[in-house]
Amino acid sequence: MPDTQADIDREIADISTAVAKAVAGGEPEPEQPLRDYKPYRSTVLRHPHQPLILTEQADTELRGPVFGVTDVTELDRDLTRHGLGEPLGERITLTGRVLDRDGRPVRRQLVEVWQANAAGRYAHHRDQHPAPLDPNFTGTGRCLTDDEGRYSFTTIKPGAYPWRNHLNAWRPAHIHFSIFGTAFAQRLVTQMYFPNDPLFRHDPIFNSVPSEAARQRMIATYDHDLSSPELSLGYRWDIVLDGPSATWMEEGR
């Protein structure tokens, strides 16, 4: 019989209890998920079994390529304008700042996003679940941060989608973010979520981040002042690259 949501919920709760007990006993709170986080079933099969090997980075990885103002246009940041017509769904404005550990802005930083459409489907050949594609929505965008480290996107709020980790598994609505650094070797990737999603407690990927505070830093805040009359709702989400208040990144820091 396939694993049920109740099975996954029980495993998530058991791991959370074990982490809380260890921290209460004086151990440091873990920053990164277990590489074999059991509720996230595929990690058990594909996580490394040997210590990772550090290799020297080539000069080309550290010094280029880079992106400048001529490579990224204003159109790139508006995901609702990449088709011949209007995409379907709830239009949102999403903005925030990319900051270092001391709160200083990270300027001229390439920020990329990709996401599912309002029906919860990606415009990708491997996504074949029975939800409609939107011919006017590709789900990809990019921009450069300004002098204050600020980025902004106009897009459609993504829908939840099934992912076959277990019976009746659904991922909370989220947007993938890539922070490029100054070269490919520095790229960081994370996910941003929306407030009050009922799927949070059921999702092994979200809950694989062991710290409750770190999970909360992955959730955007609704900001009514960012909403545009008759056009879009506004969300704010800052990205902190390192330090104790860092945004969790899939590739570590």
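Given the structure is predicted, the values throughout are model-derived calculations rather than measurements.

How each quantity is defined
- Residues numbered from 1 in each chain as written.
- Predicted model: local features only at pLDDT ≥ 70, side-chain atom pairs only at ≥ 80, totals over all residues.
- Heavy atoms only, no water.
- Pairing = 2+ DSSP bridges.
- Helix = DSSP H or I, 4+ residues; strand = E, 2+ residues; numbered from the N terminus.
- Axes fitted to C-alpha atoms, helices over the stretch in contact; angles between N-to-C directions.
- Core = buried A, V, L, I, M, F, W, Y, C linked by side-chain atoms within 4.5 Å.
- Buried < 20%, exposed > 50% of the residue type's maximum accessible area, 1.4 Å probe, protein only.
- Contact = heavy atoms within 4.5 Å.
- 1 Å grid on protein atoms, 1.4 Å probe; cavity = no way out; pocket = protein on both sides within 12 Å on 5 of 7 lines; lining within 4 Å.
- Points joined across faces, edges and corners; volume = space filled by probe spheres on them.
- Nonpolar A, V, L, I, M, F, W, Y, C, P; charged D, E, K, R; others polar.
- UniProt positions renumbered as here; feature names shortened; annotations may be inferred.
- Polar contact = N/O pair within 3.5 Å; in protein donor to acceptor, adjacent residues only side chain to side chain.

Caption draft 1: Highlighting the sheet that holds strand 3 (residues 140–144). In space, the four strands of this open sheet follow the order 3-2-7-8, with antiparallel pairing throughout. Two strands close off the open sheet at either side, each with one partner strand: strand 3 and strand 8 (188–193). Geometrically, the sheet is characterised by an average inter-axis angle of 25° between neighbouring strands, direction not taken into account. Where strand 2 (residues 110–115) meets strand 7 (residues 174–179), five bridges bridge the pair, whose relative direction is antiparallel. The partner of E112 across the bridge, within strand 7, is S178.

Caption draft 2: How the structure looks around the nonpolar core. Within the largest apolar cluster, 25 residues are counted, with the highest numbers of intra-cluster contacts made by Y151, F177 and I239. Elements that contribute at least two residues to this core include exactly strand 1 (91–99), strand 2, strand 4 (150–156), strand 7 and strand 8. With near-sequence residues (within four places) excluded, Y151 lies in contact with R77, L94, T95, G96, R97, V98, V111, C143, T145, F177, W237 and I239. Of all hydrophobic cores here, the second largest spans 18 residues; its members include Y37, A116, F200 and I205.

Caption draft 3: Region of the structure containing the layout of surface pockets. One number sums up the size of the largest pocket: a volume of about 740 Å³. What lines the largest pocket is a set of 23 residues, and nearest its centre among them are P33, R35, R46, W248 and E250. When residues of the lining of the largest pocket are traced back to their parent elements, those giving at least two are helix 2 (41–46) and strand 7. Grouping the constituent residues of the lining of the largest pocket by class yields ten nonpolar, eight polar and five charged. Estimated volume of the second largest pocket: approximately 540 Å³. Considering the residues around the second largest pocket, the lining is formed by 13 residues, among which Y122, R126, D127, Q128 and Y161 are closest to the centre. Split by residue class, the lining of the second largest pocket holds five nonpolar, four polar and four charged.

Caption draft 4: The arrangement of the UniProt feature "domain: Intradiol ring-cleavage dioxygenases" (unreviewed entry) in the protein in detail. Under the UniProt annotation, "domain: Intradiol ring-cleavage dioxygenases" (unreviewed entry) lies at residues 94–122. What you have in residues 94–122 is 0% helix and 41% strand, and the ends, taken at the C-alpha atoms, are 19 Å apart.

Caption draft 5: Representation of the environment of Y122 in the model. Within the element layout of this structure, Y122 appears in the loop between strand 2 and strand 3. With relative accessibility at 16%, the residue Y122 sits in the buried group. Sequence separation between Y122 and T140 is 18 residues; the distance between their C-alpha atoms is 9.8 Å. Excluding residues within four positions of it along the chain, Y122 makes contact with W114, Q115, A116, D127, L133, Y161, H174 and H176.

Caption draft 6: Seen up close, the environment of H174. With respect to the helices and strands, the residue H174 is situated in strand 7. Take H174: its relative accessible area is 2%, and that puts it in the buried class. C-alpha of H174 to C-alpha of Q191: the two residues are 17 residues apart in sequence and 6.3 Å apart in space. Excluding its chain neighbours within four sequence positions, the residues that come into contact with H174 are Q115, Y122, P158, Y161, Q191, M192, Y193 and F194. One polar contact links H174 to Y161, side chain to side chain, over a distance of 3.3 Å. Here R171 takes part through its side chain, which lies 3.4 Å from a polar atom of the side chain of H174.

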